[in-house]
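Structure at a glance
Listed here are the chains, written in short residue letters.
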Amino acid sequence: MMRILFALTLMVVLSGALGAQVGDTRSVLASIDARAEAYTDIAMKIWSFAEVGYQETRSSALLQEQLADAGFTVSAGVAEIPTAFVATWGSGQPVIGIVGEFDALPGLSQAASPERKPIVENGPGHGCGHHLFGTASTAAAIAVKDWMAANKRGGTLKFFGTPAEEGGSGKVYMIRAGLFDDVDAVVAWHAGDRNAVSASSTLANITAKVRFRGVSAHASSAPHRGRSALDGVEAMNAMVNLMREHIPSDARIHYVITNGGQAPNVVPDFAEVYYYARHHDMRVLDGLWERITNAAHGAALGTDTKVEIDITGSVWNVLPNEHLARVMHSHLEAVGGFEYTPAERGFAESIRTTLDGTLPAIDTTNQIMAPQGGVGSASTDMGDVSWRVPTVQMTAATWVPGTPAHSWQAVAAGGMSIGAKGMIVAAKTMALTVIDLMSNPTHIQRARAEFDKSRGSDFKYSTRLADRKPALDYRKNP
Ligand SMILES: [Zn+2]
Ligand SMILES: [Zn+2]
């Protein structure tokens, strides 16, 4: 009780310190609490659907249904992507966006159990917590809408249902379609192992499937008549691996061979390698990508094969906004973290026996960390959004402290009450943040001024996905 009183007092003090009073927001928090069970059911449905990028038909429809029932106008299938949507409520200024993701990852199927136990062997799973991401964002959007309606506030609230974050660059196509053009600020979050607003950047990332085509022949009786597509892949990889010595040491290049032929006695006429390249500055990465492209062409020339480079994804490094981070942090502090029940604590302790390295304390779910700067090692298409619109994001402790993203341990905790509790922390913090932005035009002005300064006056957004159709089949291997 003392904690709740303290949190409420802090909230009033902080909202007063940061701008105009937003009125009594207790009803907003209460409305999210009242629906917490319903939102948990929705998140767990999406967790069990575990639909991968651009195939999130049921997940997308379920979230659309919640928003439509709450009175939002839903445009589905936007930006030539069947599972992308925008749900709008209200009119006029300001226009605040909330982003929700919902795609799963291949190969991470896992029960909500503290030991490794796939539900479907090699099936997909929510290793990045996007089932919680989409649901908490929906909960926040509906709570803000209810508050706007009750307080007769003007302004436009837009929920962006963004598919295929994991390597599909869904948001990039939504930006290209102009869907973010009139938005003043974007609020988002991500599943994580701690409660913290993010003031950090990420790595820009370009991904491509490089396909070589040669001529098949009997590998023993007529090898001279064949031209091996796999040779093309191997020659390219050899050149890229030599290149590693002569690139910035903080760049990352990784690949998997998704098709290397079918049988050793047939010279493969088709082979494919799937590349990711990353750096913390897209402008550096773009030059690096040019060299990787040259290696592909060089490999084709040297092996007498043909090459096609299909760029399936390209995302910018995130441009942080410190002003918005401060605003969101004040609300995260007001909302606070959560305690484990004895059963959740037991689950967390079991999970932690499977994690390597030095782990943060088990009860950090109850703490709010200070926003941290620097550059994380992941990549996200939120990066492109952040160069288009001032953007703020946070993480909530939906995973047991010490859990890395894209792990079975993340799927496990995200599929039970620990994930659900973290999701509610995120929903409440996002709702309060959006209400603050709706109520205080100075926040938008200050965020915009910082954004203009960070981007620089000569900044021009560009993407290597400029003229391709969304890679709706990027999850299918040949
Ligand atoms: Zn991820
Ligand atoms: Zn993610």
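Just above sits the structure.
This text gives an overview of the structure that appears in the document.

Tallying secondary structure elements over the protein chain gives 14 helices and 12 strands in all. Taking 2.2 N^0.38 as the reference for a compact globule, 478 residues should give roughly 23 Å; the C-alpha atoms of the protein chain span a radius of gyration of 23 Å, in line with that estimate. Across its three principal axes, the protein chain shows a C-alpha extent of roughly 80 × 55 × 40 Å. Counting only residues that meet the buried cut, the protein chain has 57% of its 478 residues in that class. Partitioning the contacts of the protein chain with sequence separation of at least 6, the portion at a separation of at least 24 is 82%. Roughly 19200 Å² of accessible area belongs to the protein chain as shown, and the carbon and sulfur atoms make up 53% of that amount.

Moving on, we get to the coordination of the zinc ion (ligand 1). Taken together, C128 (SG), E166 (OE) and H406 (NE2) make up the protein donors of the zinc ion (ligand 1), found 2.0 to 2.2 Å from the metal. Written as a sequence motif, the donor residues of the zinc ion (ligand 1) are C-x37-E-x239-H. In this structure, the zinc ion (ligand 1) lies 3.2 Å from the zinc ion (ligand 2), and both are coordinated by C128. With C128 in the loop between β3 (95-101) and α5 (130-150) and H406 in the loop between β12 (391-397) and α12 (408-414), this residue pair connects regions lying 278 residues apart in the sequence. On the basis of relative accessible area, C128 is assigned to the buried category, the value being 7%.

Following the sequence through the fold, K209 ends up in strand β7 (residues 204-213). Buried charge without a salt bridge: K209, with E272 as the nearest opposite-charge side chain at an N-O distance of 4.5 Å. At a separation of 3.5 Å, a polar atom in the side chain of K209 contacts the main-chain carbonyl oxygen of K476.

Our next topic: the sheet that holds β3. An order of β1-β2-β4-β3-β5-β12-β6-β11 is seen for the 8 strands of this open sheet, with the pairing classed as mixed. Each edge of the open sheet is held by one strand with a lone partner, namely β1 (73-76) and β11 (369-372). Ignoring which end each strand starts from, the neighbouring axes of this sheet average 20° apart. Across 3 bridges, the pairing between strand β6 (residues 196-198) and β12 is antiparallel. Bridge assignment links S198 to a residue of β12, and that residue is Q393. Contacting β1, β2 (85-91) and β4 (155-162), helix α4 (residues 57-69) crosses the sheet at an angle of about 10° to β2. Against the sheet, α5 touches β2, β3, β4 and β5 (185-192), its axis set at about 150° to β3.

We now examine the packing of aromatic side chains. For the coordinates displayed, the defined rule picks out 12 aromatic pairs. Summarising the aromatic geometry, the rings of W316 and Y461 are spaced 6.0 Å apart at their centres and angled 35° between planes, so their arrangement reads as tilted. Taken together, the positions of W316 in the loop between β10 (306-315) and α9 (322-335) and Y461 in the segment after α14 (441-455) put the pair 145 residues apart, joining distant regions of the chain. Accessibility expressed as a relative area gives 23% for Y461, which makes it partly exposed. Put simply, the rings of W316, W387, F459 and Y461 touch in pairs and so form one group of aromatic residues. Taking the ring centre of Y274 as reference, the NZ or CZ of K209 above it sits at 4.8 Å.

A separate point is the pattern of salt bridges. Taken as a whole and assessed by the stated rule, the structure comprises 23 salt bridges. Across the pair D33 and K428 runs a salt bridge, and its minimum N-O distance is 2.8 Å. With D33 in helix α2 (residues 26-34) and K428 in helix α13 (residues 417-439), the pair connects residues that are 395 residues apart, well separated along the chain. D33 sits in the partly exposed class, given a relative accessible area of 42%. Overall, K428 belongs to the buried group, its relative accessible area being 13%. Among the ionic pairs, R388 bridges to D181, the shortest N-O distance being 3.0 Å. In this pair, R388 is assigned in helix α11 (residues 382-388) and D181 in the loop between α6 (170-176) and β5, connecting sequence segments 207 residues apart. A residue is classified by how much of its surface remains accessible, and R388, at 26% relative accessible area, is partly exposed.

What follows is about the environment of K460. In this fold, K460 is placed in the segment after α14. A relative accessible area of 71% means that K460 is categorised as exposed. Sequence spacing of K460 and I253 is 207 residues, and the spatial spacing of their C-alpha atoms is 26 Å.

Calculation notes
- Residues numbered from 1 in each chain as written.
- Chains lettered and ligands numbered in written order.
- Predicted model: local features only at pLDDT ≥ 70, side-chain atom pairs only at ≥ 80, totals over all residues.
- Heavy atoms only, no water.
- Helix = DSSP H or I, 4+ residues; strand = E, 2+ residues; numbered from the N terminus.
- Rg over C-alpha atoms; globule rule 2.2 N^0.38 Å.
- Buried < 20%, exposed > 50% of the residue type's maximum accessible area, 1.4 Å probe, protein only.
- Contact = heavy atoms within 4.5 Å.
- Areas by Shrake-Rupley, 256 points an atom, 1.4 Å probe, with all protein chains shown as cover.
- Donors = N, O, S within 2.8 Å, 3.2 Å for Na, K, Ca; no water.
- Lys, Arg positive; Asp, Glu negative; His and termini not counted.
- Salt bridge = Lys/Arg side-chain N within 4 Å of Asp/Glu carboxyl O.
- Polar contact = N/O pair within 3.5 Å; in protein donor to acceptor, adjacent residues only side chain to side chain.
- Pairing = 2+ DSSP bridges.
- Axes fitted to C-alpha atoms, helices over the stretch in contact; angles between N-to-C directions.
- Phe/Tyr/Trp six-rings, centres within 6.5 Å; stacked < 30°, edge-to-face > 60°.
- Lys NZ or Arg CZ within 6 Å of the ring centre and 35° of its normal.

What is shown is where atoms sit, not what they do.
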